[in-house]
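# Results of the structural survey
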Amino acid sequence: MITLTVNGKQHQYDDDENMPLLWALRDILNYKGTKYGCGKGLCGACTVHLNGQPIRSCATPVSVVGDQKITTIEGLSENGDHPVQEAWQELNVPQCGYCQSGQIMSAVALLKSNPSPTDEQIDIAMSGNICRCGTYERIRKAIHRAAQLKIDVKEQS
Amino acid sequence: MKTIENVSRRNLLKGLGIGSGALVLAVNFPEFIGMPKAIAAGQISKFEPSVYVHINSDNTVGIVVHRSEMGQGIRTSIPMIVADELEADWQQIKVIQGLGDKKYGSQNTDGSRSVRRFYYPLREAGVTARTMLEQAAAQQWQVPVEQVFAKEGYIHHGSSGKKVPFGELVEAASRLPVPDPQALTLKESKDFNFIGKSDVALVDGHDIVTGNTTYGYDVDLPGMEYVVIARPPVLASALESFDASKAKAIKGVIDVVALDNLQEPPLFKPLGGVAVIAKNSWAAMQGRDALDIKWKVSDHKVYNTDTYKQMLKDSCDNAEAVLRKKGDVDTALASADKVLAGEYYVPELIHVPMEPPAAAAHFHNGQFDIWACTQTPQSAQNTVATLLNVAPEKVNINVTLLGGGFGRKSKPDFIVEAALMSKRRGKPVKVLWTREDEIKNGYYHAVSYQKIKAALGPNNEVNAWKHDVALPTISSTFAKGANVIGGEADLGLIDMPYDIANVQCAAGKATAHTRIGWLRSVTNINQAFAICSFADELARNAGEDPKDYLLKLIGKDRQINLAEENAKYGNYGEPMEKYPIDTARLKNVVERVAKMSDWNKPRAEGKALGIAVHRSFVSYVACVAEVSKKADGKIKVDKVWLSVDCGTAVNPERIRSQMEGAAVFGVSIAFFGELTAKDGVIEQSNFHDYPIARIADSPVTNVDIVESDDLPGGVGEPGVPPVVPAITNAIYELTGTRYRELPLNKMGIV
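Values in this document were obtained by computation on a predicted structure and should not be read as measured data.

The next subject is the overall build of chain A. Each helix and strand counted, chain A has six helices and five strands in total. Projecting the C-alpha coordinates of chain A onto the three principal axes gives extents of approximately 45 × 35 × 25 Å. Within chain A, buried positions represent 59% of all 157 residues. Here the contacts in chain A between residues at least 6 apart in sequence split such that 63% fall between residues at least 24 apart.

Next up, the structure:
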């Protein structure tokens, strides 16, 4: 039995400990916002945060996660108003939307470590996230916009 | 009026927490044929003058999106069209995803035709509802109907200032006869509230950024089993034997069963193989990988990419199926001052939507309830009905969001797999395709070889154009042994728009060894690559500016009549008189893209431009690409400019996003796209060996939309074809090397 902490909520997990976190989240714990795209850590659709760091949940067994804190897209904000989520909506970033949970989780992690990244830094940080629809340019713009929103939030508070 | 709600299904989903507008079950709407509506006893809570729209007494407006959302924004664009004519307030709109049902007309969401085909029917639905609401209010106020008007969800009376919300007119409007469409007046474009506006947020935007969406992969049914299938690596191979002992030993694996072998032609039938049934996705995938299977390998094992390429090349020299013939190319070539020739090769490609195919099915009481990421619910319904021997009415297809489609999800083979597995198991099941499955067992974009020859006169004028192609045909998927292209010729081959006296387009034979399907833009990809590259080659040969030369090649303003040139041209299903091949529009987008890209401005050292233009899906798109050499010597596409004339631009914001996506899609094809086969087996399996463009590969895109009141054309696909040749033409300008074969990463330059 493992206790998995997802978005601050504890779940008792007694299935296969070798199961990648992705499938434990989706099939066992019913967090379906995190998506499957490749199963090999190649596309980033399954990106979640482990103690605030972005990981590929499709290539991370539950046994490795243990009691560390998992954050999924569902836990990013209470009302979908995280600056990255707001910027994404403001710029109508998504097309099909399938990869965007992973894109957003990678972007949030980037902005945490680098509050005001350059295009080049964005390209490096986001290189593991594929979007077949080709929303990359808007992703770049939305990350800059979210950086701006974050500054605005800070200045207000 | 009778509304039937399938309570069991609704409760099932409710219990699962599926909702949020992403997967709302449509109810069965009554048909109407312009007759007075029968009124059921009791209070009327819904006014429903059309299958596409209804108004509820709580003042919400239900708009049915009968087309599939796969990123093109149709769940936003359809409501924009209906709400505009209805004069609804955007906040009162509830978007309802339509079930598969022929009452909606075609739901086949491919061919870039959702807006093109439904712009007027949807406007008619909106204006019908609005007119009846106005009539109901006028009756209520006892004023002439001319004195009332609809605005932002209310009917107003002009002189008195009275107003009534739509919802309060539901009962009265329901009692009125549905007006004759001829008697309705559509709005003038200057009065549009939503059509042509760019400030409408995506209907699903909030759900997407919060992870509150339901794609095919996400559907969950109580007691559901998960199925992953080992399909034959070589098409139509038969199962000889299998050992499931290791698979069954995996925790969570419930059972392993053999499926029927595929009998060709493939159509949309399951491919056969061995299915692993498990308690979760991971166990099913693990179980599948643990199977030990022996196949009786089919004759398609002869398929090897290298020898196939040579075969296609030879086949171009025996291109006997003449598809367009004007004048006499052979005589012109024989008497030419100079003959210029180019040979082009585009490999086999696959869709790789981020969400691989997935479908959930529940067979109970003789009927199938199905949830799937399908582009074509009616085809899914009919295919399941035919193959599993039930009436189509017994097959309910619920359309989820699609995590990309690109043509893959208009083939319902995976949905049939889910249906038959549910029937077999007597339980709800979900069939999941892994990325490997999607790449190795797809419906492929055909590998193609093309040869173009031009006869040039003394001043480099083009007197003849001879274009021979060879590629396995989509028809082979539907008729065993079909080996000459059909509809593919209409997608950028025979509609070559240059003004040349002698033209011949012909196709050679090619036997398919994989399922051939359609991928976004279809054969426009390879045919535009060849034609637009060759135009650039002709310009260079003549020592002229490629843009000026291109305009010259297109020639005078005219409507091209292919029927006069012995060509049977499908024109994307549209009548030529409504959607002609109009060279003026083609030249216009060339001029506009040249202007916006500052074509004539010299570029900095190490940067260069290329240009291409192509009409497809009855829209016109010109592209300029700017490429540069990076410090490591590799080439990057820095910028792409696209000018698009798609007639009336209903949702310019989504048109821009489709063009941005087309630029990236084009980069993927130009740089990376290549499948290879060895002994009939596709060698690639995932994003490491079938790479697609990542963020650093993606250009900065500038999109220009021609303002037009013409009939709406396609948007989802027309952007892609000119991008690839614009890139290779730019690379020629930069490096002096002509790349006639894709992908470019094989050449070591990207």
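Structure's up, so let's keep going.
Tallying secondary structure elements over chain B gives 17 helices and 29 strands in all. Expected size for 750 residues packed as a compact globule is a radius of gyration near 27 Å; at 27 Å, chain B falls within 12% of this value. Dimensions along the principal axes, computed over C-alpha positions, put chain B at roughly 85 × 75 × 50 Å. Scored against the burial criterion, the 750 residues of chain B give a buried share of 57%.

What follows concerns the interface of chain B and chain A. In this assembly, 48 residues from chain B lie in contact with 45 residues from chain A. Those elements giving two or more residues to the side of chain B that touches chain A turn out to be α5 (205–209), α7 (281–289), α16 (652–671) and β29 (700–705) of chain B. For the side of chain B that touches chain A, the element with the highest residue contribution is α16(B), accounting for seven residues. Taken together, the residues of the side of chain B that touches chain A break down into 21 nonpolar, 19 polar and eight charged.

All names here are of chain A. Assigned domains of chain A: these are domain 1 (2–75) and domain 2 (83–156). Between the C-alpha centres of domain 1 and domain 2 the distance comes to 21 Å. Facing the 15 residues of domain 1 at the interface are twelve residues of domain 2. Sorting the residues of the side of domain 1 that touches domain 2 by element identifies β3 (47–50) and β4 (53–56) as the ones contributing at least two each.

With that out of the way, let us pick up the packing of α16(B) against helix α17 (residues 720–735) of chain B. Residue and element names in this part refer to chain B. Across the interface, α16 lies against α17 with an axial gap of 8 Å and an inter-helix angle of 55°. On the basis of their axis angle, the class for α16 and α17 is oblique. Where α16 crosses over α17, the two elements pack in a sense that is right-handed. Residues A662, A663, F665, G666, I669 and A670 of α16 form the contact with α17, whose participating residues are V720, V723, V724, I727 and T728. Here the residues of the contact of α16 with α17 are counted per class, giving nine nonpolar, two polar and no charged.

All names here are of chain B. When the domains of chain B are assigned, the result is domain 1 (4–209), domain 2 (216–298 + 357–432) and domain 3 (305–350 + 443–747). For domain 2 versus domain 3, the separation of C-alpha centres amounts to 36 Å. Each partner contributes to the interface: domain 2 provides twelve residues, whereas domain 3 provides 14 residues. Class assignment for the residues of the side of domain 2 that touches domain 3 results in eight nonpolar, one polar and three charged.

For a regular strand, side-chain orientation follows a simple rule: the groups alternate between the two sheet faces. All names here are of chain A. Pairing between strand β1 (residues 2–6) and strand β2 (residues 9–13): five bridges, direction antiparallel. Pairing of L4 across the sheet is with H11, part of β2. Pairing analysis gives two bridges linking β1 to strand β5 (residues 69–71), with the strands arranged parallel. Across the sheet, the residue bridging to V6 is I70, located in β5.

Residue and element names in this part refer to chain B. Counting 275 residues, the largest nonpolar core has I63, V227, A359, I370, A418, C623 and A625 as the members making the most contacts within it. The contact partners of A625, leaving out residues within four places of it in the chain, are L609, G610, V637, V640, V723, A726, I727 and A730. Among the nonpolar cores identified, the runner-up in size contains five residues, and V234, L235, A236 and L262 belong to it.

Chain-level statistics for chain B give a pLDDT mean of 94 and a share of 94% at 70 or above. Model confidence for the complex: the whole-complex pTM is 0.95, and ipTM, which rates the interface, is 0.98.

Moving on, we get to the environment of P61(A). Residues and elements named next belong to chain A. Looking at where P61 falls in the secondary structure, it is placed in the loop between β4 and α2 (62–65). In sequence terms P61 and K150 are 89 residues apart; their C-alpha atoms lie 33 Å from each other. Not counting chain neighbours up to four residues away, the residues in contact with P61 comprise E17, N18, M19 and P20.

Time to look at the sheet that holds strand β7 (residues 163–165) of chain B. In any sheet, the strands associate via hydrogen bonds between backbone groups, in a parallel or an antiparallel arrangement. Residue and element names in this part refer to chain B. Spatial ordering of the open sheet is given by β5-β6-β7, a layout of three strands whose pairing is antiparallel. Every interior strand has two partners, whereas the edge strands, β5 (148–151) and β7, have only one. Going from strand to strand, the sheet's axes swing by 25° on average, the running direction of each strand aside. Here β5 pairs with strand β6 (residues 154–157) via four bridges, running antiparallel. Residue K151 lies in a different strand from β6, and its bridge partner there is Y154.

What follows deals with unusual backbone geometry. All names here are of chain B. Here the bond from E264 into P265 is cis, since omega is 5°, no more than 30 degrees from zero. Geometrically, the link from L742 to P743 is a cis peptide bond, its omega value of 0° lying close to zero. Structurally, the position occupied by P743 is in the segment after α17. With a phi angle near 75°, N59 is a residue other than glycine that sits in the positive phi range.

Residues and elements named next belong to chain A. Here β3 pairs with β4 via four bridges, running antiparallel. Bridge pairing links L50 to Q53 in β4. Once β3 ends, the chain turns through two residues before running back antiparallel as β4, passing N51 with a positive phi of about 50°.

What follows covers the sheet that holds strand β25 (residues 619–629) of chain B. Residue and element names in this part refer to chain B. Pairing is mixed in the open sheet, where four strands are placed in the order β24-β25-β26-β29. Of all strands in the sheet, those with a lone pairing partner are β24 (607–616) and β29, marking the two edges. The average angle at which neighbouring strand axes cross in this sheet is 15°, direction not considered. As paired strands, strand β26 (residues 635–645) and β29 are joined by six bridges and run parallel to one another. Residue pairing in the sheet places L642 in a bridge with V703 of β29.

Residue and element names in this part refer to chain B. In contact at an axis separation of 7 Å, helix α2 (residues 74–86) and helix α3 (residues 114–141) are set at 35° when each is read in the N-to-C sense. Remark: the crossing between α2 and α3 carries right-handed chirality. Residues I74, S77, I78, I81, V82, A83, D84, E85 and L86 of α2 form the contact with α3, whose own contacting residues are S114, V115, Y119, L122, R123, A125, G126, V127, A129 and R130. In terms of residue class, the contact of α2 with α3 is built from twelve nonpolar, three polar and four charged.

A few words now on helix α15 (residues 583–596) of chain B. Residues and elements named next belong to chain B. With 14 residues, α15 should cover 20 Å at 1.5 Å per step; its first-to-last C-alpha distance of 20 Å lies within 8% of that length. Looking at α15, one finds that the buried residues are T583, R585, L586, K587, V589, V590, V593 and A594. Just downstream of α15 lies D598, where phi reads positive at about 50°.

Residue and element names in this part refer to chain B. The topology assignment puts I554 in helix α14 (residues 546–554). Between the C-alpha atom of I554 and that of I500, which follows or precedes it by 54 residues, the distance is 8.7 Å. Apart from the residues within four sequence positions on either side, I554 is in contact with P497, Y498, D499, T583, L586 and K587.

Our focus in this paragraph is α14(B). Residue and element names in this part refer to chain B. For α14, the full list of buried residues reads P546, K547, Y549, L550, L553 and I554. Buried residues of α14, seen end-on, are gathered within an arc of 160° and therefore sit on one face of the element. Of the surrounding elements, those touching the buried residues of α14 are β20 (462–470), α13 (524–542), α15, β24 and α17. Phi for G555, located one or two positions after α14, is positive at around 80°.

The rules behind these values
- Residues numbered from 1 in each chain as written.
- Chains lettered and ligands numbered in written order.
- Predicted model: local features only at pLDDT ≥ 70, side-chain atom pairs only at ≥ 80, totals over all residues.
- Helix = DSSP H or I, 4+ residues; strand = E, 2+ residues; numbered from the N terminus.
- Buried ≥ 20, exposed ≤ 12 C-beta atoms within 10 Å, placed from the backbone.
- Contact = placed C-beta atoms within 7 Å.
- Rg over C-alpha atoms; globule rule 2.2 N^0.38 Å.
- Nonpolar A, V, L, I, M, F, W, Y, C, P; charged D, E, K, R; others polar.
- Domains from an automatic or database assignment.
- Axes fitted to C-alpha atoms, helices over the stretch in contact; angles between N-to-C directions.
- Parallel < 35°, antiparallel > 145°, perpendicular 65-115°, else oblique.
- Left-handed = near helix turned anticlockwise from the far one by under 90°.
- Pairing = 2+ DSSP bridges.
- Core = buried A, V, L, I, M, F, W, Y, C linked by C-beta atoms within 7 Å.
- pLDDT = per-residue confidence, 0-100.
- Expected span 1.5 Å × (residues − 1).
- Arc of directions from axis to C-beta.

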